Amino acid sequence: MPAKLKECVLKPISSDHPPIRINTEQTIVGRSPETLIQDANCSRKQVCLKANLKDGYVLVKTLGLNPSVLNGKELQRNVGYEAVHGDTIELLPGMYKYVFEFIYEPSISPEAVPMTKTKSQSMNENGTSSTGKRSREEQSPGGKKSKRSKAEAKELSPAVTPESKPPKPSVQDVWQSYDNSLLHVFTSAGVVASEKVAAYDMDGTLIKTKSGNVFPKSVDDWQIAFPEVPGKLKSLHRNGFKLVIFTNQAGIGKGKVRIEDFRRKIEALVRKLSVPMQVFISTGAGKYRKPRPGMWQMLCDHQNDGLPIDRARSFYVGDAAGRPELKKPIKRKKDHSCADRLLAINVGITFLTPEQHFQNLPDTVWTKPEFDPKEVCGLSTQGTLLQPVSASLTSAGQEVIVMVGFPGSGKSHFVRQHLAPHGYEVVNRDTLGSWQKCVTHMEVAIRQGKRVVVDNLNPDVESRKRYLLVANRANIPVRCFLMDVSYKHARHNNEFREMTDRSHSTISEMVFNSYKSKFQPPTVAEGFTEIVKVQFVPNFANKDHEQLYRMFLLEK
């Protein structure tokens, strides 16, 4: 005779609040006083649960914007799934974990209850029996029940199959370096590859200085940042997460810190935490420095034993979150950057502040970068390049065009693509060496009857006046082409260019700041017949370059 299910409850695994009774109508679970969850990433209506006491299961639907995870499988939003006794749910990946418990009539012994884990029919963590089939049916998006296919059952089963061997833990501490020591990787003994990654920044997240200084006075000037850190990491490790650190350490590349000393610090930290960890250390500029995705890509491609990482079940914790200064209720300084938050956005994983992750405090507002590269990529390559639209790209008669724009704003590319092919003589200081030589070259070209384009920065009235005087003496009209590219946009373009084309020379931040401080918007009062704004439209060699360009490459 089948057992009669009396009640279903949701029991927290790592919290102190009482079990939540699951009703036969519906029970909403999420951020609330009942669950003690204050995390803004968890919706007040994160999941909807409905108990089916007759058939012995709970219907589970994710309603929140961020995913929930049932038995290690991310749930699609507004799609019904069936949970049985012993199944586990994470309201957010790796966080707020609960177990479903079914209570039956007391006259029925546990061995007589179907759908539970018994000696004769064991159930694994994914709610599948020893035969590999799911114990219940899953609700389809259309609301009808359908038998789970073998492919679906296999997808919800553990990654390890009879044909594949489980990942083996590393047997000893190992240090590796890449790209002329721009990246160092430490893998401690006991690290196991996993589809689930719990990643952390180091300074200000896992540790802080003993001295109270912003920067450590020595490699020994550190202590654990939050008392909850060791316990939280050990709990995640027990639940199958691979623990990873991504840290920017430019001081090593600049020679301020010896890599041998820093390695000693990392090894001491891992010993202190008493949990296996893998540590990625970026020592300079380039693709590995956060928020650029180089360290994450190295983890995915070469440091996880070939096991794909499930981004929906992974997360990243860091203090560089772009938060403004806070005076109440707890005083906090402005974050030095938003590199950690932007790294998580770039690679597509959940981001948490240390206070959210370790102390269950809500996230606060943050200041989004003024330049979003995805918005630029939304521009149509077929759209107009010039503003006003009535402006012509070239002139039939002799003229001079003076380009104005930040380094990295696309001036030279625009000139090569749109003006030089039409016979314009290019005057460029990078090629000629000085503005005096540029003026002389321009004078010779004008005497030869050529049209001329001056491809220099030309940020202020004084720098532009040199070329206007030459043109005025020859009675040649002069137009100004102003690149419609902001300071942050130009710096983004420069970072992208350095990462994808090594033929370009490095441009320091000082050059950008110098242009910014000198810049005076061009006007017709200077002697220009027209001011034309040139819209920047990106063009990519391949899909990988386009994907990289869409990412945040600047730290602030």
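Residues numbered from 1 in each chain as written. Predicted model: local features only at pLDDT ≥ 70, side-chain atom pairs only at ≥ 80, totals over all residues. Heavy atoms only, no water.

Thoughts on the overall build of the protein chain
The helix and strand tally for the protein chain stands at 15 helices and 27 strands. Expressed as a percentage of its 556 residues, the buried residues of the protein chain come to 47%. Here the analysis covers contacts within the protein chain between residues at least 6 apart in sequence; of these, 67% occur between residues at least 24 apart. Total accessible area on the protein chain stands at roughly 28,200 Å², and carbon and sulfur atoms take up 51% of it. (Helix = DSSP H or I, 4+ residues; strand = E, 2+ residues; numbered from the N terminus. Buried < 20%, exposed > 50% of the residue type's maximum accessible area, 1.4 Å probe, protein only. Contact = heavy atoms within 4.5 Å. Areas by Shrake-Rupley, 256 points an atom, 1.4 Å probe, with all protein chains shown as cover.)

Section: the packing of helix 11 (residues 435-447) against helix 12 (residues 461-473)
Put simply, helix 11 and helix 12 touch, their axes get as near as 10 Å, and they point 20° apart. Relative to helix 12, the element helix 11 lies roughly parallel. The crossing of helix 11 and helix 12 is right-handed. Contacts from Trp 435, Cys 438, Val 439, Met 442, Glu 443 and Ile 446 in helix 11 reach Arg 466, Tyr 467, Val 470, Ala 471 and Arg 473 in helix 12. Of the residues contributing to the contact of helix 11 with helix 12, the split by class is eight nonpolar, no polar and three charged. (Axes fitted to C-alpha atoms, helices over the stretch in contact; angles between N-to-C directions. Parallel < 35°, antiparallel > 145°, perpendicular 65-115°, else oblique. Left-handed = near helix turned anticlockwise from the far one by under 90°. Nonpolar A, V, L, I, M, F, W, Y, C, P; charged D, E, K, R; others polar.)

Some points on the pairing of strand 4 (residues 47-52)
Looking along a regular strand, one sees the side chains alternate between the two faces of the sheet. Of the pairings in the sheet, the one linking strand 3 (residues 27-29) to strand 4 comprises three bridges and is antiparallel in character. The residue bridging Thr 27 from the neighbouring strand is Leu 49, located in strand 4. Relative to strand 5 (residues 57-62), strand 4 is paired through six bridges, and the arrangement is antiparallel. Looking at strand 5, one finds that Leu 49 is bridged to Val 60. Hairpin connection of strand 4 to strand 5: four residues between the antiparallel strands, including Gly 56 at a positive phi of 80°. (Pairing = 2+ DSSP bridges.)

What about the sheet that holds strand 3?
The sheet built from four strands is open, its strands ordered 3-4-5-8 with antiparallel pairing. Strands with a single pairing partner mark the edges of an open sheet, and in this sheet they are strand 3 and strand 8 (81-83). Sheet twist, expressed as the mean angle between neighbouring strand axes with direction ignored, is 30°. Pairing analysis gives three bridges linking strand 5 to strand 8, with the strands arranged antiparallel. By the bridge assignment, Leu 59 is partnered in strand 8 with Glu 82.

A closer look at the nonpolar core
If you look at the biggest cluster of nonpolar residues, it comprises 62 residues, and the most contacted ones within it are Leu 10, Leu 49, Phe 100, Tyr 200, Leu 206, Leu 233 and Met 277. Setting aside anything within four residues of it in sequence, one finds Leu 49 in contact with Leu 10, Ile 22, Asn 23, Gln 26, Thr 27, Val 29, Val 58, Leu 59, Val 60 and Phe 100. Listed in part, the 35 residues of the second largest apolar core include Val 470, Tyr 487, Phe 528 and Phe 536. (Core = buried A, V, L, I, M, F, W, Y, C linked by side-chain atoms within 4.5 Å.)

Considering the confidence of the model for the protein chain
Per-residue pLDDT for the protein chain averages 86, and the proportion of residues at 70 or more is 87%. Within the model, the stretch residues 108-163 combines pLDDT values under 50 with 94 contacts to residues more than four positions away or in other chains. (pLDDT = per-residue confidence, 0-100.)

Examining the sheet that holds strand 24 (residues 425-427)
The six strands lie next to each other as 22-27-26-23-25-24, forming an open sheet whose pairing is mixed. Whereas interior strands pair on both sides, the edge strands pair on one side only; in this sheet they are strand 22 (386-387) and strand 24. Relative to strand 26 (residues 478-483), strand 23 (residues 400-404) is paired through five bridges, and the arrangement is parallel. Residue Val 402 lies in a different strand from strand 26, and its bridge partner there is Cys 480. Packed onto the sheet, helix 11 meets strand 23, strand 24 and strand 25 (452-454) and runs at close to 165° relative to strand 24.

Regarding helix 11
Over its 13 residues, helix 11 extends 19 Å from the first C-alpha to the last, a length consistent with the 18 Å expected when each residue adds 1.5 Å. All of the buried residues in helix 11 are Cys 438, Val 439, Met 442, Ala 445 and Ile 446. Viewed along the axis of helix 11, the buried residues span an arc of 130°, placing them on a single side of the element. Looking at helix 11, the residues exposed on the side facing more than 90 degrees away from the buried face are Lys 437 and Arg 447. Buried-residue contacts for helix 11 involve strand 23, strand 24, helix 10 (429-432), strand 25 and helix 12. Directly beyond the C-terminal end of helix 11, a positive phi value near 80° is found at Gly 449. (Expected span 1.5 Å × (residues − 1). Arc of directions from axis to C-beta.)

Some details on the packing of aromatic side chains
The full count for this structure, using the stated rule, is 15 aromatic pairs. Residues Phe 496 and Phe 540 carry aromatic rings whose centres are separated by 6.2 Å and whose planes lie at 85° to one another, so their mutual orientation is edge-to-face. Of this pair, Phe 496 sits in helix 13 (residues 487-500) while Phe 540 sits in the loop between strand 27 (530-534) and helix 15 (543-549), placing them 44 residues apart in sequence. For the ring pair Phe 496 and Tyr 549, a centre distance of 5.1 Å and an interplane angle of 85° mean the geometry is edge-to-face. Placement of Phe 496 in helix 13 and of Tyr 549 in helix 15 is noted, with a sequence separation of 53 residues between them. Each of the two residues, Phe 496 as well as Tyr 549, counts as buried. Here Arg 466 stacks its cationic end above the ring of Trp 435, 4.2 Å away from the centre of that ring. It is Lys 516 that lies over the ring of Tyr 487; its NZ or CZ is 4.3 Å from the centre. (Phe/Tyr/Trp six-rings, centres within 6.5 Å; stacked < 30°, edge-to-face > 60°. Lys NZ or Arg CZ within 6 Å of the ring centre and 35° of its normal.)

Looking at the environment of Lys 516
Topologically, Lys 516 is positioned in helix 14 (residues 509-518). In this structure Lys 516 comes out as partly exposed when scored by relative accessible area, which is 48%. Sequence separation of Lys 516 and Tyr 487 is 29 residues, and the distance between their C-alpha atoms is 7.2 Å.

Notes on helix 5 (residues 294-302)
By the burial criterion, the buried members of helix 5 are Gly 294, Met 295, Trp 296, Met 298, Leu 299 and Cys 300. Where helix 5 is buried, its residues touch strand 13 (174-178), strand 14 (183-187), strand 15 (197-200), strand 18 (242-248), strand 19 (278-282) and helix 6 (339-347).

Topic: the pattern of salt bridges
In total, this model carries 25 salt bridges according to the counting rule given. In this structure, Glu 101 and Lys 11 form a salt bridge, with 3.8 Å as the shortest nitrogen-oxygen distance. Here Glu 101 is found in strand 10 (residues 95-104), whereas its partner Lys 11 is found in strand 1 (residues 5-12), with 90 residues between them in sequence. Judged by its relative accessible area of 28%, Glu 101 falls in the partly exposed class. A salt bridge links Arg 479 to Glu 399; its shortest N-O distance comes to 3.0 Å. Highlighted residues: Arg 479 in strand 26 and Glu 399 in the loop between strand 22 and strand 23, separated in sequence by 80 residues. In the salt-bridge network here, residues are joined through shared partners; they are Glu 195, Asp 310 and Arg 313. (Salt bridge = Lys/Arg side-chain N within 4 Å of Asp/Glu carboxyl O.)

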